[in-house]
Amino acid sequence: NRNKRSTMHTLSKGGAGSGIRIWAGGLLLALAVGGALYAGAARTVNDDAEQRFDNLTYGAQHSLATRVKSYSDLLRGLEALFRTSEHLTRRQFHDYVAGLDIARQFPAIESVNYAVAVSPAQRAAYIDGVRLDTSLSPRGYPDFTIRPSGERPEYTVLTYLEPDSLLRERMGVDIGANPLVARALAQARDSGEVSASGQVIMIKGPPAHVGLGMRLPVYRNGMPQGSVDERRAAYQGSVGIGFGVAQLVHSALERSALEPLHLTLYSAADPLPASGVLRITRQDRLLFNDDGDLAAPPQPGSDAAYFDRVLPVVYQGGQWKAHFRVRKEELYSGFDRYFPWLALAVGVAGTLLIYGYIYTLYRSRRSAVAQRTLLDTVLDSVDA
């Protein structure tokens, strides 16, 4: 009996210690499997969210480029208008612009204009002609003059403007008096293509916003335009539009579709690279910020909690950088937030269940072996 109790105590003590170690190993295995499933689920959720981010950003990039192109197409329509008549009147220009229904079709456009190229020899006759123009206003424009005053080698004078509210402020302004604008005008004249005005304008509002302009040269009918010299000889002025960047962005993008992305738009200081990652530099000019702060510094793009991408918006006459940024969690669905933890729980629980079943089979077999060993020990004791 003493031998029997000693044998049973030894087996019981050994089994208890072995069981703790076995369950500890099972728990570690379950945590490892659960952790692997958690990591895989989190990676899947992140990849799905990044795909949604890609779809939103590339769709927004396309919408912005398409909307800006529609504005350059409008300029080409204005230029074609001047081909219909040797001397297009102010009334004809006014009626054409009114027919465009700009308020609904091009809501970002704030001005449509035609600027005449005037040489010093033509200056006096040109001023007299505008003052006597009664095609739209019965009394003409008796106070008209070129501004700023002074002699210059050439003038590019705003002559036709829509809407009428701009006449008092802008009519007669020589836009070529600004060196940046003059450079852009010369490039457009020589190339025959749409060009940016070369100047960012802060419009006080309300609300305060950034305004930009695009211009397209107008050439005299019947004159050749095959070379730079021919285009310079045929040049008679340019048509232009001024538009608000914020209004353009809002009209091009549905904010409900972009939520919760944060968008800032910059005018590129340098030509965009043909390849590689596009980045915002200190020299880039902030044009639009969807939270309204036009003095905000560029946001860093290295935060692992955010999706961050800078995409180019290229059009004739200008280059923009569209910076999209969003916290990753904001693109997760309700299920996405819990899916990794659910995978962890299933992995741990499933592994423990399977491990427990296998361990139960092992304990049953071990118990049977122990019982047989105990029986053999008892029989040996009786024989002795």
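Residues numbered from 1 in each chain as written. Predicted model: local features only at pLDDT ≥ 70, side-chain atom pairs only at ≥ 80, totals over all residues. Heavy atoms only, no water.

How do you make sense of a nonpolar patch on the surface when you look at a structure like this?
Nonpolar side chains collect at one region of the surface, where I354, Y357, I358 and L361 lie side by side and expose about 450 Å² of accessible area between them. Within the secondary structure layout, I358 lies in helix 10 (residues 334-383). (Patch = residues over 30% accessible without salt bridge, like charges linked within 9 Å, V, L, I, M, F, W, Y side chains within 5 Å. Areas by Shrake-Rupley, 256 points an atom, 1.4 Å probe, with all protein chains shown as cover. Salt bridge = Lys/Arg side-chain N within 4 Å of Asp/Glu carboxyl O. Helix = DSSP H or I, 4+ residues; strand = E, 2+ residues; numbered from the N terminus.)

Can you walk me through the sheet that holds strand 10 (residues 318-327) in this structure?
Strand-to-strand pairing in sheets goes through backbone hydrogen bonds, with the strands running parallel or antiparallel. Reading across from one edge, 8-7-10-9 is the order of the 4 strands in this open sheet, with antiparallel pairing throughout. The open sheet has two edge strands with one neighbour each: strand 8 (285-289) and strand 9 (306-315). Between one strand axis and the next, the sheet turns by 25° as a mean value, whatever way the strands run. Bridge count for strand 7 (residues 262-267) against strand 10 is 6 bridges, and the pairing is antiparallel. Across the sheet, the residue bridging to T264 is H323, located in strand 10. Against the sheet, helix 8 (residues 245-252) contacts strand 7, strand 8 and strand 10, and its axis sits at roughly 50° relative to strand 8. (Pairing = 2+ DSSP bridges. Axes fitted to C-alpha atoms, helices over the stretch in contact; angles between N-to-C directions. Contact = heavy atoms within 4.5 Å.)

Honestly, unusual backbone geometry in this entry has me stumped. Any pointers?
Most peptide bonds take the trans configuration, and most residues that are not glycine carry a negative phi. At the junction of R147 and P148, the peptide bond is cis and its omega measures out at -5° in the coordinates. If you trace the backbone, P148 turns up in the loop between helix 4 (123-131) and strand 2 (155-162). Cis peptide bonds are those with omega within 30 degrees of zero, and the linkage from E162 to P163 qualifies with 0°. By the element assignment, P163 lies in the loop between strand 2 and helix 5 (167-170). With phi around 50°, D101 is a residue other than glycine that occupies positive phi space. Structurally, the position occupied by D101 is in the loop between helix 2 (90-99) and helix 3 (102-105). Accessibility expressed as a relative area gives 27% for D101, which makes it partly exposed. (Buried < 20%, exposed > 50% of the residue type's maximum accessible area, 1.4 Å probe, protein only.)

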